[in-house]
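The lines below spell out each chain.
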Amino acid sequence: PYTSAHGYAYSSTDTGSSTVPSGSYGSSAVSIAYQYMGVPYVYGGASPSGFDCSGFTMYVYAQLGVSLPHGATPQLNYGTYVSRSELQPGDLVFFSDGSYPASHVGIYVGDDQFIHASSSSSNGYCVCISSLNSNYYSRNFVGGAASESRNKSKALRQRRRALFIQLFPWISPPHLGHVITIFPL
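The shown structure was predicted, so the numbers you read here are calculated from the model rather than taken from an experiment.

1. A look at the side chain of His-104
For step 1, the next point in the chain: If you trace the backbone, His-104 turns up in strand β7 (residues 104–110).
For step 2, the next point in the chain: Residue His-104 is classed as buried on the basis of its relative accessible area of 10%.
For step 3, the next point in the chain: Within the structure, His-104 has its side chain in polar contact with the side chain of His-116 (distance 2.8 Å).
For step 4, the next point in the chain: Discounting chain neighbours no more than four positions away, the residues touching His-104 are Cys-53, Ala-72, Val-93, Phe-94, Phe-95, Phe-114, His-116, Ala-117 and Tyr-137.

Put into structure tokens, the structure is as follows:
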């Protein structure tokens, strides 16, 4: 067992180590989320005294100035859909047991793991880390949602790339990848 910043004891269902990349919006969300490890699951909860799944994601993103609705299905409309292979730290991850389009939500932390407020006894009824590869979550995964800031960064990179190609047309597309590696666009 470990003790979180808020004094709650917890044991993680983490099956490996997960590193949080620094310097990005997504990693800020992950860093904030980690502060609440072990906080108890409370149905309808949206504060450090207790969270439900969507209350947890809503609270974490509010710390970054992002307003999310309370409810996994309403949060499904936030951001842009991304597949499991496209997930980046800070993306929301959604699951459905068939009762709603999304019946559970968490925050992707990297390495096929996510942090969430779990209502499962096997996770200790608290904020914890789980694997997307576990039987339940793998079977019920619906998709992810990339934050709007991530989409803006991608659009900016695409504009920079287009401008680079316009300014340096003699660099053929097969070689462009090498140039981008040296000078990130």
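Now that the structure is up, let's keep going.
2. Some remarks on the sheet that holds β7
The strands making up a sheet associate through backbone hydrogen bonding, with each pair oriented either parallel or antiparallel.
For step 1, the next point in the chain: Taken together, 6 strands build an open sheet; the order of strands is β5-β10-β6-β7-β8-β9 and the sheet is antiparallel. Two strands in the sheet have a free side with no partner beyond their single neighbour: β5 (80–82) and β9 (127–131). The average angle at which neighbouring strand axes cross in this sheet is 35°, direction not considered.
For step 2, the next point in the chain: The pairing of strand β8 (residues 113–117) with β9 spans 5 bridges and is classified as antiparallel. Bridge assignment links His-116 to a residue of β9, and that residue is Cys-128.
For step 3, the next point in the chain: In the packing of helix α2 (residues 53–62) onto the sheet, contacts are made with β6 (92–95), β7, β8 and β9, and the angle to β7 comes to roughly 50°.

3. As for the nonpolar core
For step 1, the next point in the chain: Ranked by size, the top nonpolar core spans 28 residues in total, and within it Phe-51, Phe-56, Leu-92, Ile-107 and Ile-115 carry the most contacts.
For step 2, the next point in the chain: Elements with a contribution of two residues or more to this core: α1 (25–34), α2, β6, β7, β8 and β9.
For step 3, the next point in the chain: Considering each element in turn, this core owes the most residues, 5 residues, to α2.
For step 4, the next point in the chain: When neighbours within four sequence positions are excluded, Phe-51 is seen to be in contact with Tyr-36, Val-39, Pro-40, Tyr-41, Val-42, Gly-45, Ala-46, Phe-56, Tyr-59, Ala-117 and Val-127.
For step 5, the next point in the chain: The next biggest cluster of nonpolar side chains, apart from the first, holds 10 residues, and it includes Val-82, Phe-95, Phe-114 and Leu-132.

4. Side note on the pairing of strand β10 (residues 141–146)
For step 1, the next point in the chain: Buried residues dominate β10, accounting for 5 of its 6 residues.
For step 2, the next point in the chain: As paired strands, β6 and β10 are joined by 4 bridges and run antiparallel to one another. Residue pairing across strands places Val-93 opposite Gly-144, the latter belonging to β10.

5. Description of the confidence of the model for the chain
For step 1, the next point in the chain: Per-chain confidence: the chain averages 78 in pLDDT, with 65% of residues scoring 70 or above.
For step 2, the next point in the chain: A low-confidence stretch, residues 1–23 stays under pLDDT 50, and its non-local contacts, those more than four residues away or across chains, total 49 contacts.
For step 3, the next point in the chain: Every residue in residues 175–185 scores below 50 in pLDDT, and together they form 12 contacts with partners more than four places removed in sequence or on other chains.

6. Concerning the packing of aromatic side chains
For step 1, the next point in the chain: Evaluated as defined, the whole model comprises 10 aromatic pairs.
For step 2, the next point in the chain: With a centroid separation of 6.3 Å and an interplanar angle of 50°, the aromatic rings of Tyr-61 and Tyr-78 are classed as tilted. With Tyr-61 in helix α2 and Tyr-78 in the loop between α3 (72–75) and β5, this pair connects stretches of sequence that are 17 residues apart.
For step 3, the next point in the chain: Taking the relative accessible area as the measure of exposure, Tyr-61 reaches 1% and is therefore buried.
For step 4, the next point in the chain: In this structure Tyr-78 comes out as buried when scored by relative accessible area, which is 13%.
For step 5, the next point in the chain: For the pair Phe-95 and Phe-141, a centre-to-centre distance of 5.8 Å together with 70° between the ring planes defines the contact as edge-to-face. Here Phe-141 lies in strand β10 and Phe-95 lies in strand β6, a separation of 46 residues in the sequence.
For step 6, the next point in the chain: Taken together through their ring pairs, the aromatic side chains of Phe-95, Phe-114, Tyr-136, Tyr-137 and Phe-141 make up a single cluster.

Conventions we followed
- Residues numbered from 1 in each chain as written.
- Predicted model: local features only at pLDDT ≥ 70, side-chain atom pairs only at ≥ 80, totals over all residues.
- Heavy atoms only, no water.
- Helix = DSSP H or I, 4+ residues; strand = E, 2+ residues; numbered from the N terminus.
- Buried < 20%, exposed > 50% of the residue type's maximum accessible area, 1.4 Å probe, protein only.
- Polar contact = N/O pair within 3.5 Å; in protein donor to acceptor, adjacent residues only side chain to side chain.
- Contact = heavy atoms within 4.5 Å.
- Pairing = 2+ DSSP bridges.
- Axes fitted to C-alpha atoms, helices over the stretch in contact; angles between N-to-C directions.
- Core = buried A, V, L, I, M, F, W, Y, C linked by side-chain atoms within 4.5 Å.
- pLDDT = per-residue confidence, 0-100.
- Phe/Tyr/Trp six-rings, centres within 6.5 Å; stacked < 30°, edge-to-face > 60°.

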